[in-house]
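# Fold and geometry: a report
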Amino acid sequence: MSESAPAKGLYIKTYGCQMNVYDSERMADVLAPLGYGVVDDPAKADLVVLNTCHIREKATEKVYSELGVIKRLKQEKAQAGSAMTIAVAGCVAQAEGEEIMRRQPAVDLVVGPQAYHQLPELIARAHRARGERLAADFAAEEKFDALPTERRASGVTAFLTVQEGCDKFCTFCVVPYTRGAEWSRAPEAIEAEARSLAEAGVREVTLLGQNVNAYAADGLTLAGLVRRLAKIPGLDRIRYTTSHPKDMGEDLIAAHGEVEALMPYLHLPVQAGSDKILRAMNRAHSAESYLKLVEKIRAARPDIALSGDFIVGFPGETEADFEKTLQIVRDAGYASAFSFKYSRRPGTPAAALPGQIPDEVKEERLARLQALLDEQQRAFNLAQEGRTLPVLFEKPGRHPGQIIGRSPYLQSVHVSAPDRLIGQIVPVKIASAARNSLAGELAMETA
Ligand code: 5AD
Ligand code: SF4
């Protein structure tokens, strides 16, 4: 062990979306100067942070059951004469901070997604008196100002938050309430962070935002930001997620055809295929306008891999409505997708709608939708067989002598190749495809 081993152990468990993954990394950055180093076992931790997700009921319930486990570890530590601090961060913290403290008294502090730059102060306060917290802070700007610009990137790919919050108010969704209004970070700050990542060896960056294509700062749109970041030496691949169809601007569509670093992959959720349901969801687009948009995007970048999110069993969804969801999947064609049973979230408009759908019906519809989406994903992967794709190698594989990377379409690619290729983009001839990954071999001798 080196002498610089961290004085205090920090265990962070992350739930939910990629923005939480980013936030967890930044929490570690904020806590490092206090002597906290990340450990992979909560039993070894002085500070446990659960970075939580509130999007569906299941995600929220997971947090409470994990807290039960962590509480027992805290008791064991106390018996052994040492202390553990438990912090709940993220969207459950934002939405039900007080409820958490009531349901699980072992929790020392609760911190919302816009307040985690105050973790050092909150921890100090919690050590003095249990029960102080900061749950309802919406000033994303302050948070980013307080975070270090330097990123301690450890891999080949990284997330970078450029936009937060959502003003769309889809009637099923808690995000506008947990993450607040749409807000975009200044381009200079984003560029500085991206440069620091590239200098640390990152080759691919994924720009994050709840509505990332609504990005607007200093007269710059997301397309402008992408063009600016594409100039950074070493940053060869740029992705972004998640997008709303309404904010898919002409310039962003054009960028997909023009900016080499912008990868041919687009996560563009439609949620449902029936106009009646889309209206009830307050989605601000129809099935037809979505399909027209996809057509336009494919005109700019014909090989783009389209990805989406779907909800089945939204209140009032009939069998005929659901079949329209299957139809839009067939018409749009997806390379990958996430699909969910509607989850009734307290405080959202849809929770109060009549016509809530029984769970068995949701279950059955989800199975049919997923069978279709799986079939499409398989077909998209199979279509790569025999092609040669540039693969960015990220990490060693499970089998010795194997390394894993990603295709431009975000598919996992397994190749027998030396570890020294990790961090490089190398042409790979795709030999076979499965549902979730591709396998291939190096298309040329590497020096
Ligand atoms: N129930 C089910 N799925 C939901 N999502 C958001 N809110 C809900 C909910 N109440 C899904 C949407 C969104 C994704 C991140 O989660 O499909 O795009
Ligand atoms: Fe939620 Fe809709 Fe905003 Fe996406 S666009 S975060 S689904 S409210």
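Please read all numbers here as calculations on a predicted model, not as lab measurements.

## Focus: the pairing of strand E12 (residues 237-241)
Burial analysis of E12 places 5 of its 5 residues in the buried class, the great majority of the element. Side chains Arg237, Arg239 and Thr241 of E12 all project onto a buried face; the interleaved residues Ile238 and Tyr240 project onto the opposite face, where all are buried too. By the bridge criterion, 5 bridges tie strand E9 (residues 204-208) to E12 in an arrangement that is parallel. Of the residues in E12, the one forming a bridge with Leu208 is Thr241.

## Considerations on the UniProt feature "domain: TRAM" (unreviewed entry) in the protein chain
Sites flagged by UniProt as "domain: TRAM" (unreviewed entry) map to residues 382-444. Helix makes up 2% of residues 382-444 and strand makes up 54%, while its end C-alpha atoms are separated by 22 Å.

## Quick word on the packing of aromatic side chains
Centre-to-centre distance and the angle between the planes together describe a pair of aromatic rings. Taken as a whole and assessed by the stated rule, the structure comprises 6 aromatic pairs. Relative to Tyr177, the ring of Phe169 has its centre 5.6 Å away and its plane inclined at 70 degrees; by these criteria the two rings are edge-to-face. Overall, the relative accessible area of 38% leaves Tyr177 in the partly exposed class. The interplanar angle of 85 degrees and the centroid separation of 5.2 Å between the aromatic rings of Phe310 and Tyr334 together place this pair among those described as edge-to-face. Pair noted here: Phe310 is in strand E14 (residues 305-312) and Tyr334 is in the loop between helix H12 (319-332) and strand E15 (336-341), with a separation of 24 residues, a long-range link. Pair check on accessibility: Phe310 and Tyr334 agree, each one buried. These aromatic residues form a ring-pair network of at least three members: Phe172, Phe314 and Tyr342. The aromatic ring of Phe340 is capped on one face by Arg56, whose charged end is 3.6 Å from the ring centroid. Seen from the ring of Tyr64, Arg103 lies directly overhead, with NZ or CZ sitting 3.6 Å from the centre.

## Some points on the nonpolar core
Counting residues in hydrophobic clusters, the biggest one holds 65 residues, and the most contacted among them are Leu207, Leu222, Leu225, Tyr240, Met248, Tyr290 and Tyr334. When we break this core down by domain, the ones giving at least three residues each are domain 2 (149-263) and domain 3 (293-382). Non-local contacts of Leu222, meaning those with residues more than four positions away in its chain, are made with Leu207, Val212, Asn213, Tyr215, Tyr240 and Leu252.

## Re the site of ligand 2
By nearness alone, every residue bordering ligand 2 is listed as Cys166, Lys168, Phe169, Cys170, Phe172, Cys173, Val175, Pro176, Asn211, His244 and Arg283. Looking at the shell around ligand 2, its residues break down into 7 nonpolar, 2 polar and 2 charged.

## Notes on unusual backbone geometry
Residue Thr241 is joined to Thr242 through a cis peptide bond whose omega torsion reads 0 degrees. Mapped onto the fold, Thr242 is located in the loop between E12 and helix H9 (250-258). A positive phi angle is found at Asp218, which is not glycine, with a value near 50 degrees. The topology assignment puts Asp218 in the loop between strand E10 (216-217) and strand E11 (220-221).

## Re the site of ligand 1
Neighbouring residues of ligand 1: Ile55, Arg56, Phe172, Gln271, Asp309, Ile311, Phe340, Lys341, Tyr342, Ser343 and Arg345. A distance of 2.8 Å is found between an oxygen atom of ligand 1 and a side-chain nitrogen or oxygen belonging to Arg56. For the shell around ligand 1, the secondary structure elements donating two or more residues are E14 and E15. Of the residues in the shell around ligand 1, the class split is 5 nonpolar, 2 polar and 4 charged.

## Section: the sheet that holds strand E13 (residues 265-267)
In space, the 3 strands of this open sheet follow the order E13-E14-E15, with parallel pairing throughout. Either end of the sheet is taken by a strand with one partner, and the two such strands are E13 and E15. Direction aside, neighbouring strands of the sheet carry axes that sit 10 degrees apart on average. The pairing of E14 with E15 spans 6 bridges and is parallel. Looking at the pairing, Phe310 lines up with Ser339 of E15. In this fold helix H13 (residues 359-382) packs onto E14 and E15, with an angle of close to 175 degrees to the strand it touches most, E15.

## A look at the pattern of salt bridges
Summed over the entire model, instances satisfying the criterion amount to 35 salt bridges. Between Glu258 and Arg227 there is a salt bridge, and its shortest N-O distance comes to 2.7 Å. One end of the pair, Glu258, is in helix H9; the other, Arg227, is in helix H8 (residues 222-229), with 31 residues separating them in the sequence. You can call Glu258 exposed: its relative accessible area is 54%. Relative accessible area serves as the criterion here: at 35%, Arg227 is assigned to the partly exposed category. Residues Lys341 and Asp359 are paired through a salt bridge, measuring 3.3 Å at the closest nitrogen-oxygen approach. Highlighted residues: Lys341 in strand E15 and Asp359 in helix H13, separated in sequence by 18 residues.

Analysis parameters
- Residues numbered from 1 in each chain as written.
- Chains lettered and ligands numbered in written order.
- Predicted model: local features only at pLDDT ≥ 70, side-chain atom pairs only at ≥ 80, totals over all residues.
- Heavy atoms only, no water.
- Buried < 20%, exposed > 50% of the residue type's maximum accessible area, 1.4 Å probe, protein only.
- Helix = DSSP H or I, 4+ residues; strand = E, 2+ residues; numbered from the N terminus.
- Pairing = 2+ DSSP bridges.
- UniProt positions renumbered as here; feature names shortened; annotations may be inferred.
- Phe/Tyr/Trp six-rings, centres within 6.5 Å; stacked < 30°, edge-to-face > 60°.
- Lys NZ or Arg CZ within 6 Å of the ring centre and 35° of its normal.
- Core = buried A, V, L, I, M, F, W, Y, C linked by side-chain atoms within 4.5 Å.
- Domains from an automatic or database assignment.
- Contact = heavy atoms within 4.5 Å.
- Near = heavy atom within 4 Å.
- Nonpolar A, V, L, I, M, F, W, Y, C, P; charged D, E, K, R; others polar.
- Polar contact = N/O pair within 3.5 Å; in protein donor to acceptor, adjacent residues only side chain to side chain.
- Axes fitted to C-alpha atoms, helices over the stretch in contact; angles between N-to-C directions.
- Salt bridge = Lys/Arg side-chain N within 4 Å of Asp/Glu carboxyl O.

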